[in-house]
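For reference, the chains in residue letters:
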Amino acid sequence: MELSKERIESLRELLAPANRKIVIVAHTNPDGDAVGSSLAWAEVLRGMGHEVTCIVPNKYPYFLDWMPGIGQVVVFKNDTAGDAVRAIAEADLLFCLDFNAVSRLEILSDTIEANTTARRVLIDHHLSPDGHFDLSFSYPDSSSTCFLVYSIIEALFGTDAITRQMAEALYVGIMTDTGNFAYSFLTPELFRAVAVLVEKGISIPEIHNNVYNAYTEGRARLFGYVINRKMEIIQDGTVAYMSLMENEMRRFQFQQGDSEGFVNYALTIKKMKMSAMFLAHRKFIRVSLRSRGDVDVNLFARKYFNGGGHKNAAGGKSFVSMQETIDHYIKSVKEFAQDGHLG
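Here the structure is a predicted model, which is why all the values come from computation and not from measurement.

Topic: the environment of I204
In this structure, I204 sits in helix α8 (residues 204-212). For I204, a relative accessible area of 31% gives the class partly exposed. When the C-alpha atoms of I204 and V194 are compared, they prove to be 9.9 Å apart, with ten residues separating the residues in sequence. Those residues within four positions of I204 in sequence are excluded, and the remaining contacts are Y171 and V198.

Regarding the sheet that holds strand β1 (residues 21-26)
Reading across the sheet, the six strands line up as β3-β2-β1-β4-β5-β6 and stay open at both edges, with parallel pairing between neighbours. Edge positions in the sheet fall to β3 (74-75) and β6 (135-138), since each has one partner strand and no second. As defined by bridge partners, strand β2 (residues 51-56) adjoins β3 across two bridges and the pair is classed as parallel. When the bridges of β3 are listed, V56 appears paired with V75. Seen against the sheet, helix α2 (residues 32-47) touches β1, β2, β4 (93-97) and β5 (119-124) and runs at an angle of roughly 170° to β1. On the sheet, helix α5 (residues 145-157) packs against β4, β5 and β6 and is oriented at approximately 115° with respect to β5.

Some words on the sheet that holds strand β7 (residues 232-234)
Reading across from one edge, β7-β8-β9-β10-β12-β11 is the order of the six strands in this open sheet, with mixed pairing throughout. Pairing within the sheet leaves two strands with one partner each, and these edge strands are β7 and β11 (308-309). Bridge analysis of β7 against strand β8 (residues 239-244) gives three bridges, and the strand direction is antiparallel. Opposite E232, over in β8, you have Y241 as the bridge partner.

Description of the packing of aromatic side chains
A complete count under the given rule lists 19 aromatic pairs for this structure. With centroids separated by 6.3 Å and ring planes inclined at 50°, the aromatic side chains of Y241 and F278 adopt a geometry described as tilted. With Y241 in strand β8 and F278 in strand β9 (residues 274-280), this residue pair connects regions lying 37 residues apart in the sequence. One exposure class covers both Y241 and F278, and it is buried. Linked through ring pairs, Y241, F278, F300, Y304, F305, Y329 and F336 together constitute an aromatic cluster.

A look at the packing of α5 against helix α6 (residues 164-177)
Relative to each other, α5 and α6 sit at 140°, their axes nearing to 8 Å. For the element pair α5 / α6, the angle class is oblique. Contacts from C146, F147, V149, Y150 and I153 of α5 reach α6 at M166, A169, L170, G173 and I174. Partitioned by chemical class, the residues of the contact of α5 with α6 number nine nonpolar, one polar and no charged.

A look at the state of the cysteines
Counted by the stated rule, this structure contains zero disulfides. Among the cysteines around C54, which has no disulfide bond, C146 carries the closest sulfur, lying 12 Å off. Looking at C54, the relative accessible area reads 3%, which means it is buried. Since its relative accessible area comes to 0%, C146 is described here as buried.

Section: the environment of D130
Of note, D130 is situated in the loop between β5 and β6. The spacing of D130 and N100 is 30 residues in sequence and 6.4 Å in space, taken between C-alpha atoms. Setting aside chain neighbours within four positions, we find D130 in contact with N100, A101 and V102. Of the polar contacts made by the side chain of D130, one reaches the backbone nitrogen of H132; its length is 3.1 Å.

Topic: the domain arrangement of the chain
Assigned domains within the chain: domain 1 (3-209) and domain 2 (217-337). Relative placement of domain 1 and domain 2: their C-alpha centres are 27 Å apart. With 17 residues of domain 1 at the contact, the number on the domain 2 side is 15 residues. Overall, the association of domain 1 and domain 2 removes approximately 1,200 Å² of surface from exposure, summing both partners, and the carbon and sulfur fraction of that is 41%. Scanning the region where domain 1 abuts domain 2 turns up two salt bridges. With a closest N to O distance of 2.7 Å, E106 and K317 form a salt bridge. The tally of links between domain 1 and domain 2 comes to six residue pairs in polar contact (both at pLDDT 80 or more). Looking at the side of domain 1 that touches domain 2, its residues break down into six nonpolar, eight polar and three charged.

What counts and what doesn't
Residues numbered from 1 in each chain as written. Predicted model: local features only at pLDDT ≥ 70, side-chain atom pairs only at ≥ 80, totals over all residues. Heavy atoms only, no water. Helix = DSSP H or I, 4+ residues; strand = E, 2+ residues; numbered from the N terminus. Buried < 20%, exposed > 50% of the residue type's maximum accessible area, 1.4 Å probe, protein only. Contact = heavy atoms within 4.5 Å. Pairing = 2+ DSSP bridges. Axes fitted to C-alpha atoms, helices over the stretch in contact; angles between N-to-C directions. Phe/Tyr/Trp six-rings, centres within 6.5 Å; stacked < 30°, edge-to-face > 60°. Parallel < 35°, antiparallel > 145°, perpendicular 65-115°, else oblique. Nonpolar A, V, L, I, M, F, W, Y, C, P; charged D, E, K, R; others polar. Disulfide = S-S within 2.5 Å. Polar contact = N/O pair within 3.5 Å; in protein donor to acceptor, adjacent residues only side chain to side chain. Domains from an automatic or database assignment. Buried area = accessible area lost by both parts, 1.4 Å probe. Salt bridge = Lys/Arg side-chain N within 4 Å of Asp/Glu carboxyl O.

See below:
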């Protein structure tokens, strides 16, 4: 990944005026990469003297509660005081982190669109960003938005500007979005960045423990239930899907983030090429898709579930019943295979 020097200079110019009012927004159902990149970038901007507000549409997973600075993140869904609306209305700059279109903000989208004067800057690593940004750092070959933010900080200020707190936030996003360094785009530059973060004093075992060993008992039992009772295998053992209804989630005291990682588990089966997770919400079903090798779930999500993402990790939505969603998935998988996309 090689950053555009021209865009870096454009960003430097945008940040040059003192005391700018800046809002950082991340996607719905914010994960470690969304939260980590937001917290690290906010600290950089505050260090320059800017007034910064981090906003997420809904609550981040409870296993990120420990992250330094996370208490300052405004959750739009719970913001009865109206802090998010005010901050967005007054913003000079809007930084959009870890998503490729304002529509991905869902309940926050209209509020963002209402500010027509703020300059918008995209920092993201998903495929096919929309064109409604004044400045775009769109690098699908980056392993994570946190690595992209690291690279931007390095280009603007050098790595001396990275504090331990920033390093912890950046490592969380890099760790979670690479699946503990098991996915794509594991470049020498990425590992050199991790070395710098370690030099800042972070504890990798401690961060790993805080994120991956801090689940509830309900989540552990839910995982067993999903794998044992809800995982179905189709397409001659090469494709899987799982589903959860709201009543099933309530049975295990479901909290935001509890299903994270479930969709990946089917890919531990030797023949498996693609996996899906269907999670029921009141108005729709959230679809998570994962694959390995050359199976492109970004293509699958765009074609069949009005979604998108990465080649091996994507998502979408369904607005019909769970059974209709599953039937549509099974039919779509067969068509996808017939078109030669399952190898």
